[in-house]
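Below, each chain spelled out in residue letters.
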Amino acid sequence: MTPHLPDPQAGAAVKAADRAHVFHSWSAQDLIDPLAVAGAEGSYFWDYDGKRYLDFTSGLVYTNIGYQHPRVVAAIQEQAATMTTFAPAFAVEARSEAARLIAERTPGDLDRIFFTNGGADAVEHAVRMARLHTGRPKVLSAYRSYHGGTQQAVNITGDPRRWANDSGTNGVVRFWAPFLYRSRFYAETEEQECARALEHLETTIAFEGPGTIAAIILETVPGTAGIMMPPPGYLAGVRELCDKHGIVFVLDEVMAGFGRTGEWFAADLYGVVPDLMTFAKGVNSGYVPLGGVAISPAIAETFGRRPYPGGLTYSGHPLACAAAVATLRVMAEEGVVENAARLGASVVEPALRALAERHTCVGEVRGTGMFWALELVRNRETREPLVPYNAVGEANAPMAAFAAAAKEHGLWPFVNMNRTHVVPPCNVTEAELKEGFEALDAALSVADRYA
Ligand code: PMP
């Protein structure tokens, strides 16, 4: 791989136009300093000064097969040359083939695919389907979750980004999902955490009134909130509660799906089949925006003779679907899911555990596949986070120093609150991982100064 020749002048022009005209997501526009990116390939990207970064973030945890995979780029080019776009009411090859391949991989009998533009609108539609299917108004969702930035999806979300958007009258009730390291249930073992979290959910259902609850939505493995693997038995327990009360079980696999956990879907880790499953990101490595909902036969049947009141101009856009078809073939033929599972267990986990031994700032290591979090703390005993919840500015200085040190060493880290997530592409190589862990080692030494 040869990065383009450095061209700082071109970079300055890109940056100037960005600062003048691009309004960035989730940001105070005057306080950000976005890097001008000149190019990307595989697990790396580089700036206009020629500095190269190893991307341990997979973009926003979506380039599951890395940047610029030639087979996917070629498929997009071919689709563009033959049928760039076509309205959603028609059957077109790229769309039907993408739906067929996705349905083949999704757990159990989730065989109908409704396509969206991304993850948030997939969540919106899953909730709408559940409400119409059950005729009930409420949705139960977890604190410490992220389900998207559109109005209903952000209302369902259980992280601080909801606060500024929450209308308070959206029919959403939040509960605590299991997370032993910061247990809300005073649990000391995974078994206790699991049993008490299920009891808490059952009580919440009883007090809300089961007949008023359309859906329970969970990220199979909560991602943005900290890659918190649910204890064995939890998701099966939620499945049982949903069955008992006629509640639609929605699993959000927007981040955890398509190889991230070392399985095609995180639900496969737990042998659980939801009624609706949302996806996006890894479905086509984010090369063209695409998301969707995989639908059970019972819910599909609700809309067999009654129209589904919802849709999108670009639902199943042929370019996005062609990218999905190529991505799914690459994943299967190049063993990408197996790579994530194998290197996750043989390289990432031991490396992260070794880093945790050496660095006092590491409170916990958790994850699987290419989906890992390091929780950084001031004190391992008290587990006080390295920065306070939702810290900004000076209060966030330790995490900012950590990130700056990683970048200095050529690693682009994923940083959220007091955590860094190790989420490289699922087809990352062992050598790339080792390079990344050396940089991470150096950056954690900087964070140690605050611990
Ligand atoms: N659900 C989950 C679990 C996510 O991680 C995300 C995005 N990070 C979304 C939904 C929203 O997806 P999008 O940004 O594509 O709308």
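Per-chain numbering applies: the sequence of each chain, read as written, is numbered from 1 onward. Whole-chain, interface and lining totals are the exception, using all residues; otherwise, since this is a predicted model, local features are given only for residues with pLDDT of at least 70 and side-chain atom pairs are given and counted only at 80 or more.

In the nomenclature of an unreviewed UniProt entry, the chain is known as Aspartate aminotransferase family protein of Streptomyces actuosus. UniProt positions are given in the numbering used here, feature names are shortened, and annotations may be inferred rather than shown by experiment. Its UniProt record gives the chain the following Sequence similarities (unreviewed entry) comment, quoted word for word: "Belongs to the class-III pyridoxal-phosphate-dependent aminotransferase family."

Peer 1: Please explain unusual backbone geometry as it appears in this structure.
Peer 2: Residues apart from glycine generally show negative phi values, whereas peptide bonds are mostly found in trans. With a phi angle near 60 degrees, Ser285 is a residue other than glycine that sits in the positive phi range. Helical segments are the DSSP runs of H or I of at least four residues, strand segments are the runs of E of at least two, and each set is numbered from the N terminus. By the element assignment, Ser285 lies in the loop between strand 9 (276–279) and strand 10 (291–295). With 31 C-beta atoms packed within 10 Å, Ser285 lands in the buried category. Neighbour density around each residue's C-beta defines its exposure: 20 or more other C-beta atoms within 10 Å make it buried, 12 or fewer make it exposed, and counts between make it partly exposed, where C-beta atoms are placed from the backbone.

Peer 1: When you look at the pairing of strand 4 (residues 112–116) in this model, what are you seeing that I'm missing?
Peer 2: One face of the sheet, then the other: side chains in a regular strand alternate in exactly this way. In terms of burial, strand 4 is largely enclosed, as 4 of its 5 residues are buried. We treat two strands as partners when DSSP finds at least two bridges between them. Strand direction decides the pairing type here: strand 4 and strand 10, joined by 5 bridges, are antiparallel. Directly across from Ile113, in strand 10, lies its bridge partner Ala294.

Peer 1: Sorry, what's going on with the site of the ligand here?
Peer 2: For the ligand, the set of nearby residues contains 17 residues, the closest of which are Gly118, Gly119, Ala120, Gly148 and Val254. In this count, Pro and Cys sit with the nonpolar residues alongside Ala, Val, Leu, Ile, Met, Phe, Trp and Tyr, while Asp, Glu, Lys and Arg are called charged and the others, Gly among them, polar. Looking at the shell around the ligand residue by residue, the class counts come to 7 nonpolar, 8 polar and 2 charged. Each residue receives a C-beta atom built from its backbone; the residue is near a molecule or strand if that atom lies within 6 Å of it.

Peer 1: Help me out: how do you make sense of the packing of helix 7 (residues 190–208) against helix 8 (residues 234–245) in this one?
Peer 2: Every axis in this analysis is a line fitted to C-alpha atoms, fitted for helices over the stretch in contact. Angles between the N-to-C directions lie between 0 and 180 degrees. Direction vectors running N to C along helix 7 and helix 8 enclose 20 degrees, while the axes themselves pass 10 Å from each other. With respect to helix 8, the element helix 7 is oriented roughly parallel. The hand of the helix 7/helix 8 crossing is right-handed. Across the interface between the two elements, Cys194, Ala197, Leu198, Leu201, Glu202 and Ile205 from helix 7 touch Tyr234, Gly237, Val238, Leu241 and His245 from helix 8. By residue class, the composition of the contact of helix 7 with helix 8 is 8 nonpolar, 2 polar and 1 charged. Roughly parallel refers to an angle under 35 degrees, roughly antiparallel to one over 145, roughly perpendicular to one between 65 and 115, and oblique to any angle outside these ranges. Each crossing is labelled by how the near helix is turned from the far one, with a counterclockwise turn of less than a right angle marking it left-handed and a clockwise turn marking it right-handed. What counts as a contact is two residues whose backbone-derived C-beta atoms lie within 7 Å of each other.

Peer 1: How do you make sense of the pairing of strand 5 (residues 138–142) when you look at a structure like this?
Peer 2: Counted residue by residue, strand 5 has 5 buried out of 5 residues, so it is predominantly covered. Residues Lys138, Leu140 and Ala142 point to one face of strand 5 and Val139 and Ser141 to the other, with burial holding for every one of them. Inspection of the sheet shows strand 5 paired to strand 7 (residues 213–219) by 4 bridges, in the parallel sense. In the strand pairing of strand 7, Ser141 is matched with Ile217. Pairing geometry for strand 5 and strand 6 (residues 172–175), over 4 bridges, is parallel. Of the residues in strand 6, the one forming a bridge with Ala142 is Phe175.

Peer 1: Would you mind going over the sheet that holds strand 7 with me for this structure?
Peer 2: The strands making up a sheet associate through backbone hydrogen bonding, with each pair oriented either parallel or antiparallel. In space, the 7 strands of this open sheet follow the order 4-10-9-8-7-5-6, with mixed pairing throughout. Here the strands that pair on one side only, and so sit at the sheet edges, are strand 4 and strand 6. For this sheet, the mean inter-axis angle between neighbouring strands, taken without regard to orientation, is 20 degrees. Across 5 bridges, the pairing between strand 7 and strand 8 (residues 248–252) is parallel. What sits directly across from Ala215, in strand 8, is Val248. Each of strand 4, strand 5, strand 7, strand 8, strand 9 and strand 10 touches helix 5 (residues 119–134); the most contacted strand, strand 10, lies at about 30 degrees to it.

Peer 1: Just to check I follow, could you spell out the environment of Met277 for this structure?
Peer 2: Here Met277 lies in strand 9. Distance from Met277 to Ile217, taken between C-alpha atoms, is 9.4 Å for residues 60 residues apart in sequence. Setting aside its immediate chain neighbours within four residues, Met277 contacts Thr106, Leu110, Leu251, Glu253, Ala267 and Ala294.

Peer 1: Looking at this model, I keep getting lost on the domain arrangement of the chain. Mind explaining?
Peer 2: The parts lose accessible area when they come together, and the size of an interface is often stated as this lost area. Segmentation into domains, and thus their bounds, comes from an automatic or database assignment. Each domain of the chain was delimited in the assignment, giving domain 1 (8–65 + 335–448) and domain 2 (70–333). Using only C-alpha atoms to locate each centre, domain 1 and domain 2 end up separated by 25 Å. If you look at the interface, domain 1 gives 27 residues, while domain 2 gives 26 residues. Listed by contribution, the elements that provide at least two residues to the side of domain 1 that touches domain 2 are helix 2 (58–61), helix 12 (336–358), strand 11 (362–368), strand 12 (371–379) and strand 16 (419–422). At 5 residues, helix 12 tops the list of elements feeding residues into the side of domain 1 that touches domain 2. Here the residues of the side of domain 1 that touches domain 2 are counted per class, giving 13 nonpolar, 10 polar and 4 charged.

Peer 1: What is the right way to look at helix 14 (residues 430–448) in this model?
Peer 2: An α-helical segment advances 3.6 residues per turn. Residues three or four places apart therefore align on the same side. For a helix, the expected span equals 1.5 Å multiplied by the residue count minus one. With 19 residues, helix 14 ought to run about 27 Å at 1.5 Å a step, and its terminal C-alpha atoms sit 26 Å apart, in line with that. Those residues of helix 14 not exposed but buried are Glu432, Leu433, Gly436, Phe437, Ala439, Leu440, Ala443, Leu444 and Ala447. The inward-facing, buried residues of helix 14 abut strand 3 (52–55), helix 12, strand 11, strand 12, helix 13 (397–408) and strand 14 (411–412).

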